[in-house]
Amino acid sequence: MGDPHPEHAQLQADRIYLGWQYALLYPDPGPPPKRPAREDVTEPPADADTEWIHRERLQKDLLNRPVKIFRTFMAVVAAGSSSSA
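Conventions used here
Residues numbered from 1 in each chain as written. Predicted model: local features only at pLDDT ≥ 70, side-chain atom pairs only at ≥ 80, totals over all residues. Heavy atoms only, no water. Helix = DSSP H or I, 4+ residues; strand = E, 2+ residues; numbered from the N terminus. Buried < 20%, exposed > 50% of the residue type's maximum accessible area, 1.4 Å probe, protein only. Areas by Shrake-Rupley, 256 points an atom, 1.4 Å probe, with all protein chains shown as cover. Salt bridge = Lys/Arg side-chain N within 4 Å of Asp/Glu carboxyl O. Patch = residues over 30% accessible without salt bridge, like charges linked within 9 Å, V, L, I, M, F, W, Y side chains within 5 Å.

Asks: How do you make sense of the overall build of the chain when you look at a structure like this?
Replies: In terms of regular secondary structure, the chain is built from 1 helix and 0 strands. Put simply, the chain has 85 residues, and 0% of those count as buried. Taken as a whole, the chain presents about 8900 Å² of accessible surface, with 61% of it coming from carbon and sulfur.

This is the structure in structure tokens:
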């Protein structure tokens, strides 16, 4: 496989070459697409929101239980170590 850019192979005496240049295999895709407008975004129904919020809060409480226990334990250890010093 040859050089994809043959103009890079031409050396000129009046220039100093300090390294290499990365050759892209594919062209730049351009800027990312724009976000949709707010009126295009659909909202979930209001009656399902309360049950969904309750289930989400319950799930977060169950997932954060070990963190809360560890945090309480570390607070007790810190309080115990600072009072004994």
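Asks: Please clarify how the pattern of salt bridges should be interpreted in this entry.
Replies: As a working rule, side chains carrying opposite charge can pair if their charged atoms are close by. Per the stated rule, a full pass over the model turns up 2 salt bridges. R55 is paired through a salt bridge with E51; the nearest N and O atoms lie 3.8 Å apart. Taken together, the residues span about one helical turn, with R55 and E51 both in helix α1 (residues 46-84) at a distance of 4 residues. Between K60 and E56 there is a salt bridge, with its nearest N and O atoms 4.0 Å apart.

Asks: Would you mind going over a nonpolar patch on the surface with me for this structure?
Replies: Taken together, the side chains of F70, F73, M74 and V77 present a nonpolar region at the surface, about 390 Å² in accessible area. Along the chain, F73 turns up in helix α1.

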